[in-house]
Amino acid sequence: MKKILSALLLVFAMVLSACGGVKYEFKDGVMYGDGKEATGTFEFKSGKNKVKGNFVNGLPDGILEKYYSDGSIMLKDTYVAGENTAEELFYNNGQLMGSFSDTEDLKLYYENGNVVMSVNPQTGETVVYHENGNPLMAIAGGSAAIFNENNEMLFRIDNEQAVDLGATLNQLEDGSYELVKGDKVIAKIDANGQIGTYLYSTGEPLMRFDSSTGLSEIFFKDGTVLFESDGNNFTLNYKDGKPLYEAKGNVWKFFSTDGEEIISNFEIITDIKKVN
């Protein structure tokens, strides 16, 4: 009987010990276990999404992965001693949505793999692309250029001064204007000279700007807004008009095709579990 009691007491002791295990918490960017900086591989939730990654002395180190609710990969963050040095975002079909690092361009892709925007952190150059992969708009410092889908330049400024591309400005009977290059109308401007619209080679609106409001819009050929900006904020959209990327001041957000925000920080996490 004493042996049985001893065995039961041992079992209960093991259960109690397991229930009173290490308490993990994530605070101010550091993983703690019972108040001490923790090392190991952890799983936890960031909002409703599961995250798995390695920590060394409390700081993320290596690859941290976040998952969609269906279990597919949402993003991979590379950390070195707590510093986020690179990031990859994915559609839930596995296609790369975007990638950027301290030394490489930010690149955003559509679900079919076509690049839609790139930003060079060294030069500051930003390029938005047509659906066929040709550049649509390129901006760097005081220079900017706009191209149609056939890679024909429609507009260019250098050092904030317009460059003559050999186009002719013709005034129409209603007071508005057409900008003609060769035998093709490449832009239309209202009678007040405030609203201008550059055109695709086939005549559809490509880019519209309003100098009175500072609003600029770029369109897909079907008229859906690809890009819009008021000078301080901008939004880059999918073909259905839903946002892919938003930047408002220093706050930026990415979205999946179904509108789910892809959050790349881990400020508020729950359900922490050490797995290795």
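Everything that follows concerns the structure shown earlier in this document.
Every chain's residues receive numbers from 1 upward, in the order its sequence appears when written. Restriction of local features to residues with pLDDT of at least 70 applies here, the model being predicted, together with a cutoff of 80 or more for giving and counting side-chain atom pairs; totals for whole chains, interfaces and linings are based on all residues. Think of the side-chain values as coming from all heavy atoms in the structure, minus any hydrogens and water.

## Quick word on the layout of surface pockets
1) Next: Here the largest pocket is characterised by a volume of approximately 690 Å³.
2) Next: Secondary structure elements are defined from DSSP: runs of H or I of at least 4 residues count as helices, runs of E of at least 2 residues count as strands, and each element is numbered from the N terminus. Mapped by element, the contributors of at least two residues to the lining of the largest pocket are β11 (115-119), β12 (126-129), β13 (135-140), β14 (143-147), β21 (205-210), β23 (225-229) and β26 (251-255). Points on a 1 Å grid, built from protein atoms alone, make a cavity when a 1.4 Å probe fits but cannot get out and make a pocket when they are open with protein on both sides within 12 Å along at least 5 of 7 lines; residues with an atom within 4 Å of a point are the lining residues. Grid points are joined across faces, edges and corners, and a volume is the space filled by probe spheres set on the points.

## Some details on the pairing of β23
1) Next: Counting buried positions over the five residues of β23 gives four, a clear majority of the element.
2) Next: A pair of strands is treated as paired once DSSP finds two or more bridges between them. Bridge count between strand β22 (residues 215-219) and β23: four bridges; the pairing is antiparallel. Looking across to β23, one finds that E217 is bridged to E228.
3) Next: Pairing geometry for β23 and strand β24 (residues 233-237), over three bridges, is antiparallel. From the neighbouring strand, S229 faces β24, where its bridge partner is F234.
4) Next: Hairpin geometry of β23 and β24 is characterised by an intervening segment of three residues between the two adjacent antiparallel strands and by a positive phi of about 100° at G231. Think of it in three bands: residues with accessible area under 20% of the maximum for their type are buried, residues over 50% are exposed, and the middle band is partly exposed, with areas taken using a 1.4 Å probe on protein chains only.

## Observations concerning the pairing of strand β20 (residues 195-199)
1) Next: In terms of residue burial, β20 counts as a mostly covered element, since four of its five residues are buried.
2) Next: In terms of strand pairing, strand β19 (residues 184-189) meets β20 through three bridges, oriented antiparallel. When the sheet's bridge partners are listed, A187 is paired in β20 with Y198.
3) Next: For β20 and β21, the ladder comprises five bridges, and the chain directions are antiparallel. Looking across to β21, one finds that Y198 is bridged to M207.
4) Next: Hairpin remark: β20 followed by β21, antiparallel, with five residues in the connecting loop; positive phi at G203, about 100°.

## Here we look at the nonpolar core
1) Next: Here, nonpolar core means buried Ala, Val, Leu, Ile, Met, Phe, Trp, Tyr and Cys residues that are tied together by side-chain atoms lying within 4.5 Å of each other. Counting residues in hydrophobic clusters, the biggest one holds 34 residues, and the most contacted among them are L108, V116, L226, L236, L244, Y245 and I262.
2) Next: Among the elements of the structure, β7 (73-80), β10 (106-109), β11, β13, β19, β21, β23 and β25 (243-248) are those that each provide at least two residues to this core.
3) Next: Contact between two residues is taken to exist if any of their heavy atoms lie within 4.5 Å; hydrogens are not considered. In contact with V116, other than residues within four places in its own chain, are L108, Y109, Y110, V127, V128, Y129, L226, L236 and L244.
4) Next: Of all hydrophobic cores here, the second largest spans 11 residues; its members include F42, F44, L64 and Y79.

## Some details on the pattern of salt bridges
1) Next: For salt bridges, the criterion is a side-chain nitrogen of Lys or Arg within 4 Å of an Asp or Glu carboxyl oxygen. For the coordinates displayed, the defined rule picks out four salt bridges.
2) Next: Among the salt bridges present, the one from K273 reaches E43, with a minimum N-O distance of 3.8 Å. Of this pair, K273 sits in strand β28 (residues 269-274) while E43 sits in strand β4 (residues 40-46), placing them 230 residues apart in sequence.
3) Next: What makes K273 partly exposed here is its relative accessible area of 46%.
4) Next: Given a relative accessible area of 17%, E43 falls into the buried group.
5) Next: Close ionic contact of R156 with D158 constitutes a salt bridge, the shortest N to O distance being 3.1 Å.

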